[in-house]
Amino acid sequence: MASLKELKGRINSVKSTQKITKAKQMVAAAKLRRAQAAAEAARPYAERLSGVMASLAAKVSGDSAPLLLRGTGSDKRHLLVVVNTDKGLCGGLNANIIKAAKAKARALVAEGKDVTFYLVGKKGRAPIKRDFADKIEKHFDTSNVRQPGFEEAEAIADDLLERFEKGEFDVAHLVYPIFKSALAQDPTVDQLIPVPSPEGAAGGDAVVEYEPGEEEILEDLLPRYVKTQLFGALLEREASEQGASMTAMDNATRNAGDLINKLTIQYNRSRQAAITTELVEIIAGAEAL
Amino acid sequence: MALHFELVTPAKLVRSEDVHMVVVPGTEGEFGVLEGHAPFMSTIRDGAVQVYKTEGAAPETIEVRGGFAEVGENGLTVLAEHVEG
């Protein structure tokens with residue numbers, strides 16, 4: 001049985017932990033709203049871009065299509081772009097993303113492909129290094145900016161496209177969490193390069209004039225599309241991180257509350273027991289006189 | 001008589017309004033878009049988009065960088081990577 005003083009110390013320590021988790025939860029809730037708004041605001045651009053892409057890609061096909069659309073013709077070397085968060089305290093989010101990335105990597109390796117990793121965000125480094133230490137191409141650091149924006153997406157995309165042009169890989173996949181709600185964030189694997197041909201392209205009903213030409217526009221458009229994909233992934237990551245963090249911290253706060261209640265009961269019982277013992281001793285002493 | 005004009009960046013929808021005419025800096029030269037323009041698509045070079053709210057009014061200029069313009073049935077859409085101002 002712990003002494004009264006020890007119990008008091010434990011209760012205080014749990015109380016300060018609860019204060020921290022509560023604060024983090026409220027911060028996450030506020031940030032989540034902002035992140036969701038940002039994700040919402042980015043949607044029109046992405047929708048329009050993929051609409052245009054679809055109509056163009058349907059017209060330009062075959063050998064004349066740009067490299068980004070048609071690929072290098074082989075699919076031996078795969079690059080996994082894994083988007084993780086920079087900060088922890090967000091429950092199982094990073095673990096889930098890494099699990100999805102590793103599963104994909106194992107599946108590709110089992111098919112006899114070469115797999116390399118391109119990591120975005122801090123929290124993916126250690127766990128992926130554990131299994132694929134020699135396969136990591138690069139870490140892209142996003143922790144030095146407060147909120148990763150289009151500049152970061154652009155930098156990542158430019159880097160990726162340069163590597164693709166140099167022929168360092170044939171296919172790139174993007175692994176990132178999709179924000180469903182504060183309770184659910186699904187890790188998703190999407191093909192990034194070559195750009196997958198959009199399905200159900202609205203075949204040209206209207207005669208559209210292109211300037212300079214269809215192929216030139218498409219060539220200009222594809223890198224933008226990759227950038228937009230990455231930007232979307234960063235936004236989803238932001239929202240997922242805050243959502244997961246909010247839920248995890250809510251749980252932690254509740255657990256701390258339960259623990260405090262339990263410890264308080266224990267503390268009161270021991271105090272009562274001590275008082276009773278003291279009384280019994282006094283009464284017994286008085287009777288002995 | 002109005003042209004529906006939308007200016008979109010990856011971060012947000014900058015403009016969505018009905019205007020008289022918009023002059024867009026296309027890669028192969030500037031072009032003005034009025035209502036009822038034929039379907040048209042062009043990449044744009046860095047420069048200023050000029051928005052004429054009404055006929056003869058002084059244009060409002062918006063600096064854009066990187067992107068393309070699309071004219072369709074529902075008006076003009078400019079997708080730009082960066083917008084200044």
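Here the structure is a predicted model, which means the values were calculated and not measured.

Draft legend 1. Expanded view of unusual backbone geometry. Residue and element names in this part refer to chain A. Going from I193 to P194, the amide bond is cis rather than trans, its omega being -10°. A positive phi angle, near 55°, is found at L89, a position not held by glycine. In this fold, L89 is placed in the loop between β1 (77–83) and α3 (93–110).

Draft legend 2. Broad picture of the UniProt feature "domain: ATP synthase F1 complex delta/epsilon subunit N-terminal" (unreviewed entry) in chain B. In this structure's numbering, the residues bearing the UniProt feature "domain: ATP synthase F1 complex delta/epsilon subunit N-terminal" (unreviewed entry) are residues 3–82 of chain B. In the segment residues 3–82 of chain B, helix accounts for 0% and strand for 70%; the C-alpha atoms at its two ends are 23 Å apart.

Draft legend 3. Quick peek at the sheet that holds strand β5 (residues 185–193) of chain A. All names here are of chain A. Read from one edge of the open sheet, five strands run β3-β2-β1-β4-β5, paired in mixed fashion. In this open sheet, the two edge strands, each paired with only one partner strand, are β3 (136–140) and β5. Taken over all neighbouring pairs, the strand axes of this sheet differ in orientation by 20° on average, direction set aside. Where strand β2 (residues 114–120) and β3 come together, four bridges link them in parallel fashion. Considered in β3, the bridge of F117 is made with I136. Where helix α6 (residues 214–288) meets the sheet, its contacts fall on β1, β4 (171–179) and β5, and the angle it forms with β4 comes to roughly 35°.

Draft legend 4. Up close: the interface of chain A and chain B. With 21 residues of chain A at the interface, the matching set in chain B holds 19 residues. Elements with a contribution of two residues or more to the side of chain A that touches chain B: α1 (4–59), β6 (209–211) and α6 of chain A. The greatest single-element share of the side of chain A that touches chain B, amounting to seven residues, is contributed by α1(A). For the side of chain A that touches chain B, a count of residues per class yields 15 nonpolar, two polar and four charged. Sheet topology places β6(A) next to strand β5 (residues 40–44) of chain B; three bridges connect them, and they run parallel. Among the inter-strand pairings, A:Y210 is bridged to a residue of β5(B), identified as B:M41.

Draft legend 5. Structural view of the packing of α1(A) against α6(A). Residue and element names in this part refer to chain A. Look at α1 against α6: their axes get within 5 Å of each other, and the N-to-C directions meet at 160°. With respect to α6, the axis of α1 lies roughly antiparallel. Remark: the crossing between α1 and α6 carries left-handed chirality.

Draft legend 6. Representation of the domain arrangement of chain A. Here chain A is partitioned into domain 1 (4–21 + 249–288) and domain 2 (38–246). Here domain 1 of chain A and domain 2 of chain A have C-alpha centroids that lie 53 Å from each other.

Draft legend 7. The nonpolar core, seen in detail. Of all hydrophobic cores here, the largest spans 83 residues; its most connected members are A:L80, A:V81, A:V82 and B:V22. For A:V82, the contacting residues outside a window of four places in its chain are A:I97, A:A101, A:F117, A:L119, A:V120, A:G124, A:I128 and A:V175.

Rules and cut-offs
Residues numbered from 1 in each chain as written. Chains lettered and ligands numbered in written order. Predicted model: local features only at pLDDT ≥ 70, side-chain atom pairs only at ≥ 80, totals over all residues. Helix = DSSP H or I, 4+ residues; strand = E, 2+ residues; numbered from the N terminus. UniProt positions renumbered as here; feature names shortened; annotations may be inferred. Pairing = 2+ DSSP bridges. Axes fitted to C-alpha atoms, helices over the stretch in contact; angles between N-to-C directions. Contact = placed C-beta atoms within 7 Å. Nonpolar A, V, L, I, M, F, W, Y, C, P; charged D, E, K, R; others polar. Parallel < 35°, antiparallel > 145°, perpendicular 65-115°, else oblique. Left-handed = near helix turned anticlockwise from the far one by under 90°. Domains from an automatic or database assignment. Core = buried A, V, L, I, M, F, W, Y, C linked by C-beta atoms within 7 Å. Buried ≥ 20, exposed ≤ 12 C-beta atoms within 10 Å, placed from the backbone.

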